[in-house]
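Fold and contact review
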Amino acid sequence: MIDLHTHTTFSDGELIPSELVRRAEVHGYTAIGITDHVDYTNVEHILTSLSKIKYLKGVLDMQILVGAELTHVPPTKIAPLAAFARKLGAEIVVVHGETPVEPVSPGTNRAAILAGVDILAHPGFITLEEAELAKENNVCLEITSRLGHNITNGHVVRLARQAGAKMVVDTDSHAPEDLITGERAVEIAMGAGLTREQALDVVNRHAIIR
Ligand SMILES: [Zn+2]
Ligand SMILES: [Zn+2]
């Protein structure tokens, strides 16, 4: 299981980083991205603090990527903040996309894709044009196991396939019970409309970590 979108107590998650990665290890994870919610007010603090999780390097048999999820940042501010996060050492940059269950600013999906972030999380009713831009800019579109955000998974998969854009399955974990196994990730991708073979391809031949 590779999951590049999770949260800790540094934003609205329930677990400190060490407990999150220990629980992920028990679920068979081989890589995890810790991507707490950031905007301009907290990005330095969060990335500086999260980077200390590298103390586990060589202790756990799991790759840990330190990152950030740009959340409710106005579209015009996304590209500069993504660049700033990378400058601060973010190994994975996620943008909190236009999920239908939150008032995310229209234009957020497009701004994230144009900024060339790694993952556009829960992109909601993404358009075909945006999905095509995502393919061009090598931005992965997220299939999510998170309740609420997941209601548009089928739409995301359909347009990603139409455009040839890359997909990833993430949990957006905020609590221990949100973590899943690789087999569950395959089921979530299949539930969104992929065949078992396509789902296995997305989960096992991960677009970002191979
Ligand atoms: Zn999000
Ligand atoms: Zn999230």
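All values derive from a computational prediction rather than experimental measurement.

With that settled, the discussion passes to the pattern of salt bridges. Taken as a whole and assessed by the stated rule, the structure comprises 9 salt bridges. For the salt bridge of Glu183 with Arg196, the shortest nitrogen-to-oxygen distance reads 3.2 Å. Remark: Arg196 occurs in helix α8 (residues 196-204) and Glu183 occurs in helix α7 (residues 182-191); sequence separation between them is 13 residues. The exposure class of Glu183 is partly exposed, given its relative accessible area of 38%. A relative accessible area of 39% places Arg196 in the partly exposed class.

With that settled, consider the pairing of strand β6 (residues 140-144). Burial of β6 is extensive: 5 of the 5 residues sit out of reach of the surface. Side-chain alternation along β6 places Cys140, Glu142 and Thr144 on one buried face and Leu141 and Ile143 on a second face that is also buried. Pairing geometry for strand β5 (residues 119-121) and β6, over 2 bridges, is parallel. Within the sheet, the bridge partner assigned to Leu120 lies in β6 and is Leu141. One crossover worth recording links β5 to the parallel β6 by way of helix α5 (residues 128-136), and it is right-handed. Pairing geometry for β6 and strand β7 (residues 167-170), over 4 bridges, is parallel.

About the criteria used
Counting restarts for each chain: residues are numbered from 1 in the order of the written sequence. Working convention: letters from A go to chains and numbers from 1 go to ligands, in the order in which they are written. pLDDT decides what is reported in this predicted model: residues at 70 or higher carry local features, side-chain atom pairs at 80 or more are listed and counted, and totals for whole chains, interfaces and linings draw on all residues regardless. The basis for the side-chain values is all heavy atoms of the structure; hydrogens and waters are excluded. Salt-bridge detection follows one rule: a side-chain nitrogen of Lys or Arg within 4 Å of a carboxyl oxygen of Asp or Glu. Runs of E in the DSSP output that reach at least two residues are strands. Runs of H or I that reach at least four are helices, and both are numbered from the N terminus. Three labels apply to residues, based on accessible area from a 1.4 Å probe with only protein chains included: buried if under 20% of the type maximum, exposed if over 50%, partly exposed otherwise in between. The pairing criterion is simple: DSSP has to find at least two bridges between the two strands. With the strands aimed away from the viewer, a crossover counts as right-handed if its path from the first strand over the helix to the second runs clockwise.

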